[in-house]
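For reference, the chains in residue letters:
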Amino acid sequence: MIGICKLATERELSDFLIQVERRAFKQAAYAVHDDHAALDIVQDAMMRLAEKYGVRPVDEFPMLFQRILQNAIRDYFRRHKVRALWTTLLSSFSFNKDGDEQDPLETLEVESDSNYFENPARQLDRAQTLAVIEDAVGKLPARQREAFVLRYWEDMDVAETAEAMGCSEGSVKTHCSRAVHTLAAMLKNKGVKL
Amino acid sequence: MNERDIAKKITQHLNYGTNQLDRSVLEDLRSARQRALAAHAHPQQVFGMAVAGHGDVHSGHHGHGHHSPRFWIPLVVLLLGLLIAYNWSEINGDDPDDVDATLLAGELPINAYLDSDFKSWLDQSSRR
């Protein structure tokens, strides 16, 4: 029996992206701890979804997008690993001709929108609880965070989460349970009451 | 509280966090979305824009612009290929100047100037 499914229109794709883009950015930011890299990852994920799967049925978008997003995050870490390897190799060949010791503070680059120099008033405006929770989520092991975010934040069921993560349903349950317990313990230690 | 309740409380805070994003981040996300939608509608044009350097929404280190390795690696390979092909033809080609030089230097064997078959052809035709 052949099922008839309605393919997505451009409007539906747009609505879907509007719906998920903020959470996608946060997910990527929790994983890579760098807002610029997180924006790149989300942009790549949106492009891939639109280019390759943009005409698929709307119902398939959440799953497809999450798979693409998680793969993009993994790609980021792979590239980061390779870059770090080359940097280590090349730095081992370099040497200081004059033998002068450099002061690391002289070469320290500070990003313009770094959190270190945030406006104190803005810092005060930020909800303390949110900061603690986001910090705790960012510190979770990658697979636990992935399972927690997909299962509870993206509201996928266990089977969908397992498919998106490429693992068994049992693993999803284990990762989710551990993630929640770890988060609860971290928040309790910081004095946060939910 | 059970596991699900704790998770629900935490995700409520996370949802609140998504509403606190900086204006610049929201603007970048909007641009990224529009670019994705443009790619969905006109894939060729967006590729052209990216190559021309007008397509980058966010100047990341692995974007789709003209700084992308996807653009310049094939270009370098093509140029190297052309260079190698040119040099190869220079080395192995039958240059007429070289043949002329060999003739003038008298380095060809005497048989090269003789047509040995001509005499036998003459003999055969005279017998007829």
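Residues numbered from 1 in each chain as written. Chains lettered and ligands numbered in written order. Predicted model: local features only at pLDDT ≥ 70, side-chain atom pairs only at ≥ 80, totals over all residues. Heavy atoms only, no water.

**Considering helix α1 (residues 10–32) of chain A**
- By the largest-angle criterion, Val20(A) marks the main kink of α1(A), which is about 45 degrees.
- Of the residues trailing α1(A), His33(A) is marked for its positive phi of about 55 degrees. (Bend = angle between axes of the 7 residues up to and from the residue. Helix = DSSP H or I, 4+ residues; strand = E, 2+ residues; numbered from the N terminus.)

**Here's the deal with the interface of chain A and chain B**
- Between chain A and chain B, the contact holds 44 residues from the first and 37 residues from the second.
- Summed over both partners, the interface of chain A with chain B buries about 3,900 Å², with 69% contributed by carbon and sulfur atoms.
- Ranking the residues of chain A by area buried against chain B places Arg22(A), Gln43(A) and Leu194(A) at the top, with a combined share of 17%.
- Here chain A is connected to chain B by 1 salt bridge.
- Measuring nitrogen to oxygen at the nearest pair gives 2.8 Å for the salt bridge that ties Glu21(A) to Arg33(B).
- Our count for the contact surface shared by chain A and chain B stands at 6 residue pairs in polar contact (both at pLDDT 80 or more).
- Among the secondary structure elements, those contributing two or more residues to the side of chain A that touches chain B are α1, α2 (35–53), α3 (61–93), α6 (128–139), α7 (142–153) and α9 (169–189) of chain A.
- The dominant element in the side of chain A that touches chain B, judged by the number of residues it contributes, is α1(A), at 11 residues. (Contact = heavy atoms within 4.5 Å. Buried area = accessible area lost by both parts, 1.4 Å probe. Salt bridge = Lys/Arg side-chain N within 4 Å of Asp/Glu carboxyl O. Polar contact = N/O pair within 3.5 Å; in protein donor to acceptor, adjacent residues only side chain to side chain.)

**Notes on the confidence of the model for chain B**
All names here are of chain B.
- Counting all residues, the mean pLDDT for chain B is 75, and 66% of those residues have values of 70 or more.
- Across chain B, element-level confidence peaks in helix α2 (residues 23–41) with a mean pLDDT of 91 and bottoms out in helix α3 (residues 43–52) with 50.
- Low pLDDT, under 50, characterises residues 47–64; the stretch is placed with 35 contacts to residues that sit more than four places away or in other chains.
- Here the predicted complex carries an ipTM of 0.72, next to a pTM of 0.61. (pLDDT = per-residue confidence, 0-100.)

**Some thoughts on the packing of aromatic side chains**
All names here are of chain A.
- This structure, assessed with the given rule, holds 5 aromatic pairs over all chains.
- Summarising the aromatic geometry, the rings of Phe148 and Tyr152 are spaced 5.6 Å apart at their centres and angled 55 degrees between planes, so their arrangement reads as tilted. Of this pair, Phe148 and Tyr152 both sit in helix α7, 4 residues apart, roughly one helical turn. Comparing Phe148 with Tyr152 shows no difference in burial state: the two are buried. (Phe/Tyr/Trp six-rings, centres within 6.5 Å; stacked < 30°, edge-to-face > 60°. Buried < 20%, exposed > 50% of the residue type's maximum accessible area, 1.4 Å probe, protein only.)

**Points about the pattern of salt bridges**
Residue and element names in this part refer to chain A.
- According to the stated counting rule, one finds 11 salt bridges over all chains in the structure shown.
- We note a salt bridge from Arg78 to Asp75, for which the minimum N-O separation is 2.7 Å. One end of the pair is Arg78 and the other is Asp75, both in helix α3 and 3 residues apart, which spans about a single turn.
- Judged by its relative accessible area of 52%, Arg78 is exposed.
- Look at Asp75 and you get partly exposed, because its relative accessible area is 23%.
- Among the salt bridges present, the one from Asp135 reaches Lys139, with a minimum N-O distance of 3.0 Å.

**Points about the environment of Asn2(B)**
Residues and elements named next belong to chain B.
- Mapped onto the secondary structure, Asn2 falls in the segment before α1 (3–18).
- A polar contact of 3.2 Å, which involves the side chain of Asn2, links it to the backbone nitrogen of Arg4.
- Of the polar contacts made by the side chain of Asn2, one reaches the backbone nitrogen of Asp5; its length is 2.8 Å.

**Topic: the nonpolar core**
- In this structure, Leu17(A), Phe25(A), Ile41(A), Val42(A), Leu49(A), Phe65(A) and Leu69(A) are the most contacted members of the largest nonpolar core, which totals 36 residues.
- Of all the secondary structure elements, the ones that give two or more residues to this core are α1, α2 and α3 of chain A together with α2 of chain B.
- The residues contacting Leu17(A), other than those within four sequence positions of it, are Met46(A), Leu49(A), Arg33(B), Ala36(B) and Leu37(B).
- In terms of nonpolar packing, the next biggest core, distinct from the first, is built from 29 residues, Val132(A), Val149(A), Tyr152(A) and Ala179(A) among them. (Core = buried A, V, L, I, M, F, W, Y, C linked by side-chain atoms within 4.5 Å.)

**A look at a nonpolar patch on the surface**
All names here are of chain B.
- Residues Phe71, Trp72, Ile73, Leu75, Val76, Val77, Leu78, Leu79, Leu80, Leu82, Leu83 and Ile84 make up a contiguous nonpolar surface patch of about 1,200 Å² in total accessible area.
- Structurally, the position occupied by Leu80 is in helix α4 (residues 69–92).
- A residue is classified by how much of its surface remains accessible, and Leu80, at 48% relative accessible area, is partly exposed. (Patch = residues over 30% accessible without salt bridge, like charges linked within 9 Å, V, L, I, M, F, W, Y side chains within 5 Å. Areas by Shrake-Rupley, 256 points an atom, 1.4 Å probe, with all protein chains shown as cover.)

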